[in-house]
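Below, each chain spelled out in residue letters.
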Amino acid sequence: MILIVDDKIENITALSKILVSQHFDVDSALSGEEALKKVLKNEYQLVILDVQMPGMDGFEVAEAISGIRKTSELPIIFLSAVNVSKAFITKGYTSGGHDYLVKPVDPDILVLKIRTFIKLQEQTKELARTQEELRNEIEQRKRLEEKKDELMGMVSHEVKTPLTSVKAYIQLAGVAVHNDRKENALQFINKADSQIEKLNQMMNALLDMAKMEAGMLDFNVAEFNLNQLVDGALDIFIQSNPERKVVREGDADIVLRGDLLRLEQVILNYLSNAAKYSPETETIYVTIRKTTRNVEICVIDNGIGIDLEDQANLFKKFYRTQQSIAEYRGMGMGLYLCAEIVKFHGGAYGVKSNPQKGSTFYFTLPIDPKKTDC
């Protein structure tokens, strides 16, 4: 849209006829003050501005338009039949005008100039958008590089410790065998095997994350009974943590549809975190609660708890609380993977916690009413 600013209505009418005939949308203002209000409120492609007006003259209006960030690039064409001296024309350019035309003006020349300035403005805006996109892409790549460096450093740190332990245990087992202490050798081999299993879990988590980022994580969806899922996860956990007691509450006799192994991975991650962050307590609670639409699985501990500001970020990739960084090992991938698995199944996830009073990690799965045995 083009804004015509002139204190004489007959001039506006004449210009409007020319521009409308060339398929331009036109708006008008009868004073400089009215013109400023309109350019702040509306989007214009160009302003045709009379120089000689009562109140604010054309030069003052142009200076004001050029001084506002929103309208600083708005093309302005001065159109005057009175102020035609070189000094006035020069002032028109220095006050922010892009052209200064003297009446009588050839309508074809005026239209040609308008089209040229509008095209230049559109190209300028497109260039600005392109520059902004490039800046955003550069910033995104910088962040990705920083994340990659952070991940490489984290992986290097996390892998180094179990590898060092494996090497040490194997050396100790070798010494024990040499000294004919087979029982000691077996203990060291078992400890080395435990460290290798940690490495295996770490590598699997990294591979899962990479597949998930590429949209290639496999899901084998089938029907299963929730008892089968919970019992399987608890059996695996108890075998690895015989010192822990798990109290299970709630009815899980319900048929669901999903990837049993992936959902088992979610429960095991919740249980492992509960064990890790509640070292002073032996009992972990697993509760199952059904509603008409969902089933909720909760893992509850009486451990160190989590600050409120950390709770919203726990399921983000690589996020770890300051306390967990200082006291516990890990790369902050487990809960992120859990969240993605639960989202795939159409469920919700979250945590409720109070510092020093323990945490409740939960997730829900939708129920098909036709499959429930309730």
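Residues numbered from 1 in each chain as written. Predicted model: local features only at pLDDT ≥ 70, side-chain atom pairs only at ≥ 80, totals over all residues. Heavy atoms only, no water.

Draft legend 1. Representation of the overall build of the protein chain in the model. Each helix and strand in the protein chain was counted, giving eleven helices and twelve strands. The 374 residues of the protein chain split such that 41% are buried. Restricting the contact set of the protein chain to residue pairs at least 6 apart, pairs at least 24 apart contribute 68%. Taken as a whole, the protein chain presents about 21,700 Å² of accessible surface, with 54% of it coming from carbon and sulfur. (Helix = DSSP H or I, 4+ residues; strand = E, 2+ residues; numbered from the N terminus. Buried < 20%, exposed > 50% of the residue type's maximum accessible area, 1.4 Å probe, protein only. Contact = heavy atoms within 4.5 Å. Areas by Shrake-Rupley, 256 points an atom, 1.4 Å probe, with all protein chains shown as cover.)

Draft legend 2. Structural detail: the packing of helix α7 (residues 226-240) against helix α8 (residues 260-276). Between α7 and α8, the shortest axis-to-axis distance is 9 Å and the interhelical angle comes to 45°. With respect to each other, α7 and α8 are oriented oblique. For the crossing formed where α7 meets α8, the hand is right-handed. Taken together, the residues of α8 that come into contact with α7 (itself represented by Q228, L229, V230, G232, A233, L234, I236 and F237) are L260, L263, E264, I267, L268, L271, S272 and A275. Of the residues belonging to the contact of α7 with α8, the class tally is twelve nonpolar, three polar and one charged. (Axes fitted to C-alpha atoms, helices over the stretch in contact; angles between N-to-C directions. Parallel < 35°, antiparallel > 145°, perpendicular 65-115°, else oblique. Left-handed = near helix turned anticlockwise from the far one by under 90°. Nonpolar A, V, L, I, M, F, W, Y, C, P; charged D, E, K, R; others polar.)

Draft legend 3. Structural context of the nonpolar core. Ranked by size, the top nonpolar core spans 37 residues in total, and within it L226, Y270, V286, I297 and F363 carry the most contacts. Excluding residues that lie within four positions of it along the chain, I297 makes contacts with L226, I267, V286, T287, I288, F361, Y362, F363 and L365. By size, the runner-up hydrophobic cluster in this structure holds 20 residues, among which are V47, V51, I65 and Y100. (Core = buried A, V, L, I, M, F, W, Y, C linked by side-chain atoms within 4.5 Å.)

Draft legend 4. Structural detail: the pairing of strand β1 (residues 2-5). Side chains I2 and I4 project from β1 onto one buried face, and the interleaved L3 and V5 project onto a second face that is buried too. With four bridges connecting them, β1 and strand β3 (residues 46-49) associate as parallel partners. For I4, the partnering residue across the bridge sits in β3 and is I48. (Pairing = 2+ DSSP bridges.)

Draft legend 5. Structural detail: the sheet that holds strand β4 (residues 76-80). Spatially, β2-β1-β3-β4-β5 is the arrangement adopted by the five strands of the open sheet, whose pairing is parallel. Edge positions in the sheet fall to β2 (26-29) and β5 (99-102), since each of these pairs with one other strand and no more. Averaged over all pairs of adjacent strands, the angle between their axes in this sheet comes to 20°, without regard to strand direction. Two elements, β3 and β4, share three bridges in a ladder whose sense is parallel. Each bridged residue has a counterpart across the sheet, and for I48 the counterpart in β4 is I77. Along the sheet, helix α2 (residues 32-41) makes contact with β1, β2 and β3, crossing β2 at roughly 140°. Against the sheet, helix α4 (residues 86-94) touches β4 and β5, its axis set at about 145° to β5.

Draft legend 6. Representation of the packing of aromatic side chains in the model. Applying the stated rule across the entire model yields eight aromatic pairs. Look at F78 and Y100: their rings are 5.7 Å apart centre to centre, the planes differ by 35°, and that puts the pair in the tilted class. With F78 in strand β4 and Y100 in strand β5, this pair connects stretches of sequence that are 22 residues apart. Neither residue differs from the other here; F78 and Y100 are each classed as buried. Members of the aromatic cluster, each reached through a chain of ring pairs, are Y270, F315, Y349, F361 and F363. Positioned above the aromatic ring of Y362 is the side chain of K352, whose terminal nitrogen or guanidinium carbon lies 5.5 Å from the ring centre. (Phe/Tyr/Trp six-rings, centres within 6.5 Å; stacked < 30°, edge-to-face > 60°. Lys NZ or Arg CZ within 6 Å of the ring centre and 35° of its normal.)

Draft legend 7. A look at unusual backbone geometry. Cis geometry is adopted by the peptide bond preceding P104, which originates at K103 and carries an omega value of -5°. Here P104 lies in the loop between β5 and α5 (107-178). A positive phi angle, close to 70°, is found at H23, a residue other than glycine. Within the secondary structure, H23 sits in the loop between α1 (9-21) and β2. When its relative accessible area of 74% is taken as the criterion, H23 is described as exposed. Of note, D180 is a non-glycine position whose phi angle comes to about 60°, a positive value. The topology assignment puts D180 in the loop between α5 and α6 (182-213).

Draft legend 8. Representation of the packing of α8 against helix α11 (residues 334-344) in the model. Look at α8 against α11: their axes get within 9 Å of each other, and the N-to-C directions meet at 145°. Of the two possible hands of crossing, α8 and α11 adopt the one that is left-handed. Note on element contacts: α11 touches α8 through G334, L335, L337, C338, I341 and V342, opposite R262, L263, Q265, V266, N269, Y270 and N273. Residue composition of the contact of α8 with α11, grouped by class: eight nonpolar, four polar and one charged.

Draft legend 9. View of the pairing of strand β9 (residues 283-290). Strand direction decides the pairing type here: strand β7 (residues 245-249) and β9, joined by five bridges, are parallel. Bridge assignment links K245 to a residue of β9, and that residue is T283. The pairing of β9 with strand β10 (residues 294-301) spans six bridges and is antiparallel. Considered in β10, the bridge of K290 is made with V295. In this structure, the hairpin formed by β9 and β10 is closed by a connection of three residues.

Purely spatial values, then, with no claim about function.
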